[in-house]
Amino acid sequence: MGTPGLERHKQLVEKKIASLVDGLDAPKTLKESMAYSANAGGKRLRPLLLLAVLEALGAPVEQGVGTSAALEMIHTYSLVHDDLPAMDNDSLRRGVPTNHVVFGDGIAILAGDGLLTFAFSVVAEDRWLPAEVRLVLVSMLAKAAGPMGMIAGQILDMEAEKSPVGLLQLKNIHKNKTGRLIEFAVLAGALIGNANEQATQLLEGYASHLGLAFQIKDDILDVEGTAEELGKTPGKDATSQKSTYVSILGMSGAKEMLESELSSARQALTRMEGMDTDCLYGFIELVGGRNN
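Computed from a prediction, not measured in an experiment: that's the story for all the values here.

Regarding helix H3 (residues 45-57)
For H3, built from 13 residues, the straight-helix expectation of 18 Å at 1.5 Å per residue is met to within 8% by its first-to-last C-alpha distance of 18 Å. Within H3, eleven of the 13 residues are buried, which leaves it mostly tucked inside the rest of the structure. Considered for burial, the residues of H3 that qualify are Leu 45, Arg 46, Pro 47, Leu 48, Leu 49, Leu 50, Leu 51, Ala 52, Val 53, Leu 54 and Ala 56. Gly 58 sits one or two positions beyond H3 and adopts a positive phi of about 75°.

A word on the nonpolar core
Among the nonpolar cores identified, the biggest contains 81 residues, and Leu 49, Tyr 206, Leu 280 and Phe 283 are the most heavily contacted of them. Broken down by element, the residue count for this core peaks at eleven residues, all from helix H10 (residues 197-224). Not counting the four nearest positions on each side in its chain, Leu 280 is found in contact with Leu 49, Ala 52, Val 53, Ala 56, Leu 203, Tyr 206 and Leu 269.

Quick word on the pattern of salt bridges
Enumeration according to the criterion identifies ten salt bridges in this entry. One salt bridge connects Asp 83 with Arg 93, and the closest N-O pair in it is separated by 2.9 Å. Taken together, the positions of Asp 83 in the loop between helix H4 (65-82) and strand S1 (92-93) and Arg 93 in strand S1 put the pair ten residues apart, joining distant regions of the chain. With a relative accessible area of 18%, Arg 93 lands in the buried category. We note a salt bridge from Arg 266 to Glu 285, for which the minimum N-O separation is 3.2 Å. Placement of the pair is Arg 266 in helix H13 (residues 245-270) and Glu 285 in helix H14 (residues 278-289), with a sequence separation of 19 residues. Put simply, Glu 14, Arg 44, Glu 72 and Arg 94 are held in one network by salt bridges that share partners.

A short note on the packing of helix H6 (residues 105-124) against helix H7 (residues 131-145)
At a minimum axis separation of 9 Å, H6 and H7 run at an interaxial angle of 155°. What the angle tells us is that H6 and H7 run roughly antiparallel. Crossing geometry of H6 relative to H7 is assigned as right-handed. Facing Phe 120, Val 123 and Ala 124 of H6, the residues of H7 in contact are Arg 134, Leu 137, Val 138, Leu 141 and Ala 142. Among the residues making up the contact of H6 with H7, the classes are represented as seven nonpolar, no polar and one charged.

Rules and cut-offs
Residues numbered from 1 in each chain as written. Predicted model: local features only at pLDDT ≥ 70, side-chain atom pairs only at ≥ 80, totals over all residues. Heavy atoms only, no water. Helix = DSSP H or I, 4+ residues; strand = E, 2+ residues; numbered from the N terminus. Expected span 1.5 Å × (residues − 1). Buried < 20%, exposed > 50% of the residue type's maximum accessible area, 1.4 Å probe, protein only. Core = buried A, V, L, I, M, F, W, Y, C linked by side-chain atoms within 4.5 Å. Contact = heavy atoms within 4.5 Å. Salt bridge = Lys/Arg side-chain N within 4 Å of Asp/Glu carboxyl O. Axes fitted to C-alpha atoms, helices over the stretch in contact; angles between N-to-C directions. Parallel < 35°, antiparallel > 145°, perpendicular 65-115°, else oblique. Left-handed = near helix turned anticlockwise from the far one by under 90°. Nonpolar A, V, L, I, M, F, W, Y, C, P; charged D, E, K, R; others polar.

The structure is reproduced here in structure tokens:
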């Protein structure tokens, strides 16, 4: 995320999130817990992807800042809940103690609930966008994050612990758990930026390959990464006996599949005419080269 444009976009999103949470008329402890995780940094991949699509389409990025902030709130809520003792039981996230370690399980659950539900009002009340666009975005986001999307993937992921699954099943888990919010980021940018049907289809393909590549890289880093690099505990997949791309394909096979998905994402971009896709290419390199 080293380019000036991406850094500026990241600052826009993080400033928006901090302002929104700070402005809530809510109990102090709840706001502190929500802000603790929402403002803890991270790659901000999903909101930055949305803004990058707008930039590629030549649309004002300011139109997407509210939706980007809402998307990151939902991603953050999912991490807060994932880290709970009843889920992944992790004590480190983004290089700091997890929310429940600091505030307790109950407050962490409610902070996650708060981030999730508040996100939808942020989109619904975004005056940068026409009402009909906001309505579609709310529906898209609910499907991507809900029982037909991310939550479905999380359930399938939990059920796959200590019960080996095949490659096709693993792809289905991660298409939902990881891929759906990444796809939402790209398709929301296409909607807000008024992309035509062909561009939207190509962007959807790009997002699908990028999302799968992101998860494959996660599995690789869980084996090869360190706690200092990752900002979370490595080796969790092996400890919980989860099926991963590494456990199914081996490390070399997982890396080959990663390169294949990244290549397919590049191919989708090469077919886009009349768009400045340099920033979108940058996300491919970011996913492939990241160490956290």
